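What follows is the residue order along each chain.
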Amino acid sequence: MEMVKRPLPAGFQKVSGDDNTEEYFINMGPQHPATHGVLRLVLRLDGETVRECVPHLGYIHRGIEKQAESETYLQYVHLTDRMDYLTSHMNNHSVCMAIEKAVGIGVPDRAEYIRVMVLELNRISSHLMMFGCFGGDLGAQTALLYGFKEREVITDIFDELCGARLTMNYFRPGGVANDIPDTFIARVKKVIVDVERTLEEFDRLITGNVIIQERSRGIGILTREDAIAYGCTGCVLRASGVPYDLRKDDPYSIYDRLDFDVPTKQNGDSFDRYVIHIDEIRQSIRILQQCIEQIPEGPYRSKEKPSYRLPAGSYYAATETAKGIFGTYVVAEKGDKPWRIHSRSPNFANLSPIGKMVKGHMIADVVTVITTLDILIPDIDR
Amino acid sequence: MGLMHKLPPIVDPLPGGKTMIDAVSYIINWARSNSIWPLTYGTSCCAIEMMAAAAPRYDISRFGSEVFRASPRQCDLIILAGTITEKMAGPLKTLYDQMSGPKYVIAMGACTISGGPFYYDNYSVVKGADRILPVDVYIPGCPPRPEALFNGLLMLQEKIRKTESLRNTWHEHEIYTKPATNTWSDAAKAWDALEKIKDQEQAEARAKFKEENPDYQAFKAVRVVAPAFPEVPRKPDRPRGKSNLELWKLIQAKFPGLKLYKKELGDHEVSDTAAVEALGTDYTLDFEVPVDQYVALATFLKQTPDLSLEMLLDLTAVDFTDHFDVVVQLLSVTQGQKVFFRVSLPKKEVSPEEAPTAILASVPTLSGLWPAANWKEREVYDMFGIDFTGHPDMRRLFMEDDFVGYPLRKDFVNPNIIKRPY
Ligand code: SF4
């Protein structure tokens, strides 16, 4: 019988010449519990082995960059909350820094300390979420529950601080929207204790777990060269042996006054990408402890401008979010609205090597790779 | 449901068209409303709150809905958590059709109610889930807190208990025969009418109050004084790696014709080297390169050990109405320096009717040097209609293949965009 020749799905280049195997295509997503949103992957499989993987994006492309052109700079801040909503403070920070650079606004010391504390809390909460998803996607539902339990404590702090649990919109050019409440420091101290305990629990429950190790060691290896070539940043890059962290290598805010290390791993496999998150939380706790000791009294914001009009030119500011480098590129022409705003999103670059990483692995490993890349689709599609 | 239909009716419809809910259906509805199985569907931010609702702190299982299923065929509730885009609308409709009835829809968050923060000036977001699916309960918020989700869930349970019955074949019939209507405009009309009634009532109440208290004096509003904040001088950045001047000299030695991009300095005529110094450390080196030297320069920047700008951090474009700028940002992860460079592409001459849908410029691809450029260039192609010659896979990245126009261009027109009225 003659085989019906179907056209190849979009994005695939050639068919393999091997006649002994039967290859087929499978569609994963856009609605799939393990793709963290609406990512769609088309996989070419041989049995259960992935031969090729082509991602399709855009299912949550919300046109934020176009919309930004008809909003003022301050209004744009709240749209960045909705890109990578697990690191919304960090996205806000990057926009505020770009405005501060362009208009020349300084930030008082107290505001900087508040910012850094909030950022590190945000980092911890994002990493906790990653643990939860990592465990949950590999079938360890307990981890999901544990991760969320601790995350709620941090969310409560944010709730008290700015009234929102997820989309905070707390940073302003020149400082923050309001001063920290009296309970803030006490609550942070409690979080530090809690999180340290949780990390131990996690280490016992997940890191040493045989099943987790079997399923993540040697899976989805991203070499140092590939990580750089694909523009990966954040934990993904550092797990592949490149110790680049904006907080250390291009210090912004007050990170150069604080004492912390940049954890690095060498193998670049899924297990390393997971473990590095634990080490990062430990460093974040160190930063928090120093901030608690050093935070000065004073104003939480410097003088407001009636409206932010950026002089013509292009401005760029980047922050190291929990996922990698989030950059805001502003092109200003005239008026109080940007001519063009572009966000360099970390998840976009971190996802791009996935085709290379899952090649030759089993279909179940695709899930492991996606969770350890710690991607978030609305940030990719914007 | 099927078997139940075959049972003899216990109570007949009452005169006047009403149905008396009989004991069996009461029990079935009670059971049904307390074990709603939701689908694990979430597109964006609201999904996190949905997950938080399922997590230990809030614990959705108190209301019998903890069994999140990944397959639509096992669910009877879809919580629309997150923005729905035009591209996702099709798959979403498929998901809904695959669910087994009776099925319910909760619209969670502003996005699914009306488009939310993406209502104005947006070309890709569906302005309300009820344009695609019949929504049972709306939960406002951006994102709604888990408590609000529970409130919505309880309302849905109440709705099931009150409205479902054995004889009521539920709205299954309606959905499969009638196309989804635009409930938004109906709701808007009803809302308008309500507002008018409310205004009138208020005016009447005010008049009555005045009549009864003729010498009443309203309180004067006191303006809250905003705290006075000091002006703080901006501290310059302290970037690591080579200084701008060093970089500029190294690059100029090889490519003497390059021009510095110094819009920030205004109209002052300064030499490029002086400008690099004047712009200080805050400024990242940014220069223009002619199209014919574009790839050569990129190769030079990547492969010179002194520069070792081995990571392509970003590649994007800007539409300056008469020309495009393709802006590339490079970073050296080993040494710390970063640069921008840009190539200015004049727009091709085409007739005004064709312009919005035509490819207006082309430039060689960088995807051979950096695999990272592959997707970035596809994004620029998708958003600006700039062609990258030599690119291995030049397709749209975000929009569907049949999308008309290039959204980030300044001349992009889309009749569906709702313009901000102010
Ligand atoms: S309603 Fe708000 S939080 Fe929910 S998906 Fe839309 S933008 Fe995100």
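Residues numbered from 1 in each chain as written. Chains lettered and ligands numbered in written order. Predicted model: local features only at pLDDT ≥ 70, side-chain atom pairs only at ≥ 80, totals over all residues. Heavy atoms only, no water.

J.: What is the right way to read the overall build of chain B from this model?
T.: When you go through chain B residue by residue, the secondary structure sums to 12 helices and 10 strands. When burial is assessed residue by residue, chain B has 47% of its 422 residues classed as buried. In chain B, 68% of the contacts between residues at least 6 apart in sequence involve partners at least 24 apart. Accessible surface, chain B as shown: approximately 21,400 Å² in total, 58% of it carbon and sulfur. (Helix = DSSP H or I, 4+ residues; strand = E, 2+ residues; numbered from the N terminus. Buried < 20%, exposed > 50% of the residue type's maximum accessible area, 1.4 Å probe, protein only. Contact = heavy atoms within 4.5 Å. Areas by Shrake-Rupley, 256 points an atom, 1.4 Å probe, with all protein chains shown as cover.)

J.: Help me out: how do you make sense of the overall build of chain A in this one?
T.: Counting secondary structure elements, chain A contains 15 helices and 8 strands. Rg of the C-alpha trace for chain A: 22 Å, near the compact-globule value of 21 Å for 382 residues, within the 12% margin. The principal-axis extent of the C-alpha atoms belonging to chain A is close to 80 × 50 × 35 Å. Looking at chain A residue by residue over its 382 residues, the buried ones come to 67%. Considering only residue pairs separated by 6 or more positions, chain A has 71% of its internal contacts joining residues 24 or more positions apart. (Rg over C-alpha atoms; globule rule 2.2 N^0.38 Å.)

J.: Explain the side chain of E310(B) here, please?
T.: Among the secondary structure elements, E310(B) is positioned in the loop between α11 (294-303) and β6 (311-319). Buried within the structure, E310(B) lacks any salt-bridge partner; R224(A) is the closest side chain of opposite charge, at an N-O distance of 6.2 Å. Separated by 3.0 Å, the side chain of E310(B) and the backbone nitrogen of V333(B) make a polar contact. (Lys, Arg positive; Asp, Glu negative; His and termini not counted. Salt bridge = Lys/Arg side-chain N within 4 Å of Asp/Glu carboxyl O. Polar contact = N/O pair within 3.5 Å; in protein donor to acceptor, adjacent residues only side chain to side chain.)

J.: Looking at this structure, I do not really get the sheet that holds strand β5 (residues 286-288) of chain B. What am I missing?
T.: Note on sheets: strands pair through backbone hydrogen bonds, and any given pair is parallel or antiparallel. Residue and element names in this part refer to chain B. Within the open sheet, the 5 strands sit side by side as β4-β5-β8-β7-β6. Their pairing is mixed. Looking at the sheet topology across the chains shown, the edges are occupied by β4 (259-260) and β6. For β6 and strand β7 (residues 323-331), the ladder comprises 8 bridges, and the chain directions are antiparallel. For V318, the partnering residue across the bridge sits in β7 and is D325. Packing against the sheet, α11 makes contact with β5, β6, β7 and β8 (338-346), and its axis sits at approximately 170° to β8. (Pairing = 2+ DSSP bridges. Axes fitted to C-alpha atoms, helices over the stretch in contact; angles between N-to-C directions.)

J.: Help me understand the pattern of salt bridges in this model?
T.: Working definition: two side chains of opposite charge can pair if their charged atoms are close together. Residues and elements named next belong to chain A. A full pass over the atoms with the stated rule returns 45 salt bridges over all chains. The shortest N-O distance in the salt bridge between R238 and E320 comes to 3.1 Å. Of the two residues, R238 is situated in helix α9 (residues 235-239) and E320 in strand β6 (residues 313-320); the sequence distance between them amounts to 82 residues. Grouping residues by exposure puts R238 and E320 together as buried.

J.: Would you explain unusual backbone geometry in this entry?
T.: Phi is mostly negative for residues that are not glycine, and the peptide bonds are mostly trans. Residue C142(B) is joined to P143(B) through a cis peptide bond whose omega torsion reads -5°. Positionally, P143(B) belongs in the loop between β3 (137-139) and α6 (146-163). Positioned with a positive phi, S253(A) is a non-glycine residue whose angle comes to about 50°. Mapped onto the elements, S253(A) comes out in the loop between α10 (246-249) and α11 (270-294). Non-glycine residue D121(B) carries a positive phi angle of around 55°. Relative to the assigned elements, D121(B) resides in the loop between α5 (110-114) and β3.

J.: I'm lost on the site of the ligand in this one. Help?
T.: All names here are of chain B. Among the 14 residues in the neighbourhood of the ligand, the closest are listed as C45, C46, A110, C111 and C142. Those elements that place two or more of their residues in the shell around the ligand are α3 (45-54) and α5. For the shell around the ligand, the residue count by class is 8 nonpolar, 5 polar and 1 charged. (Near = heavy atom within 4 Å. Nonpolar A, V, L, I, M, F, W, Y, C, P; charged D, E, K, R; others polar.)

J.: So what exactly am I meant to see when it comes to the interface of chain B and chain A here?
T.: Often, the extent of an interface is quoted as the loss of accessible area on bringing the components together. Chain B puts 91 residues into the contact, and the matching count from chain A is 94 residues. With both chains or domains summed, chain B and chain A bury close to 7,800 Å², and 59% of this area falls on carbon and sulfur atoms. For the chain B face of the interface with chain A, the top three residues by lost area are F229(B), W375(B) and F398(B), together amounting to 10%. Applying the counting criterion to the chain B and chain A interface returns 7 salt bridges. (Buried area = accessible area lost by both parts, 1.4 Å probe.)

J.: How should I be thinking about the confidence of the model for chain B in this particular structure?
T.: Detailed reading of the predicted coordinates is not advisable wherever pLDDT falls low. Residues and elements named next belong to chain B. Scored by pLDDT, chain B comes out at a mean of 79, with 85% of its residues at no less than 70. Note on residues 7-12: pLDDT is under 50 here. Beyond four places in sequence and across chains, it has 7 contacts. Of the regions scoring below 50 in pLDDT, residues 166-170 engages in 21 contacts with residues more than four places distant in sequence or in other chains. (pLDDT = per-residue confidence, 0-100.)

J.: Sorry, what's going on with the packing of helix α6 (residues 183-207) of chain A against α11(A) here?
T.: Working note: a packed helix pair is described by the angle between its axes plus the distance between those axes. Residue and element names in this part refer to chain A. Following both chains from N to C, one finds α6 and α11 inclined at 160°, their axes separated by 11 Å at the closest point. Taken together, α6 and α11 sit at an angle that is classed as roughly antiparallel. Like other packed secondary-structure pairs, α6 and α11 cross with a definite hand, here left-handed. From α6, I185, V188, K189, I192, V195, E196, L199, F202, D203, I206 and T207 reach across to α11, where they touch F271, Y274, V275, I278, I281, R282, I285, L288, Q289 and I292. Split by residue class, the contact of α6 with α11 holds 15 nonpolar, 2 polar and 4 charged. (Parallel < 35°, antiparallel > 145°, perpendicular 65-115°, else oblique. Left-handed = near helix turned anticlockwise from the far one by under 90°.)

J.: Which parts of the structure should I look at to understand the packing of aromatic side chains?
T.: Overall, the coordinates contain 21 aromatic pairs over all chains when judged by the stated rule. Connected via pairs of aromatic rings, a cluster forms that spans F131(A), F134(A), F202(A), F271(A) and Y274(A). In this structure, K87(B) packs its charged tip against the face of Y59(A), placed 4.9 Å from the ring centre. Above the ring of W339(A), the side-chain terminus of K410(B) is found at 4.0 Å from the ring centroid. (Phe/Tyr/Trp six-rings, centres within 6.5 Å; stacked < 30°, edge-to-face > 60°. Lys NZ or Arg CZ within 6 Å of the ring centre and 35° of its normal.)

J.: I'm lost on the sheet that holds strand β1 (residues 23-28) of chain A in this one. Help?
T.: Residue and element names in this part refer to chain A. An order of β1-β2-β3 is seen for the 3 strands of this open sheet, with the pairing classed as antiparallel. A single partner strand is all that each edge strand has here, and the edge strands are β1 and β3 (49-56). Put simply, the sheet's adjacent strands are angled 20° from each other on average, direction ignored. Strand contacts of helix α14 (residues 363-373): β1, β2 (40-46) and β3, with the helix running at about 145° to β2, the strand carrying the most contacts.

J.: Could you clarify how one ought to interpret the pairing of strand β1 (residues 77-81) of chain B in this entry?
T.: A regular strand places its side chains on the two faces of the sheet in alternate fashion. Residues and elements named next belong to chain B. Extensive coverage of β1 is indicated by the burial of 5 of its 5 residues. The alternating pattern of β1 places L77, I79 and A81 and I78 and L80 on opposite faces, both of which are buried. Here β1 runs beside strand β2 (residues 104-108); their pairing, made up of 5 bridges, is parallel. Counted as the bridge partner of A81 is M108 from β2.

J.: Can you walk me through the environment of N91(A) in this structure?
T.: Note on placement: N91(A) falls in helix α3 (residues 88-103). Apart from residues no more than four positions distant in its own chain, N91(A) is found in contact with T80(A), M83(A), D84(A), T321(A) and F326(A).

J.: Please clarify how α3(A) should be interpreted in this entry.
T.: Three- or four-residue spacings in an α-helix give side chains the same orientation, since the helix completes a turn every 3.6 residues. All names here are of chain A. For α3, with 16 residues, the first-to-last C-alpha span of 23 Å sits near the 22 Å given by 1.5 Å per residue. Within α3, 14 of the 16 residues are buried, which leaves the element mostly enclosed by the surrounding structure. Backbone geometry just after α3 places G104 at a positive phi near 80°. (Expected span 1.5 Å × (residues − 1).)

J.: Please clarify how the packing of helix α4 (residues 109-137) of chain A against helix α5 (residues 141-162) of chain A should be interpreted in this entry.
T.: All names here are of chain A. Following both chains from N to C, one finds α4 and α5 inclined at 160°, their axes separated by 7 Å at the closest point. As judged from the angle between their axes, α4 and α5 are roughly antiparallel. Both α4 and α5 take part in a crossing whose hand is left-handed. Residues V118, L121, N122, I124, S125, L128, M129, F131, G132, C133, G135 and G136 of α4 lie in contact with α5, whose contacting residues are Q141, A143, L144, G147, F148, E150, R151, I154, I157, F158 and L161. Classifying every residue of the contact of α4 with α5 gives 14 nonpolar, 7 polar and 2 charged.

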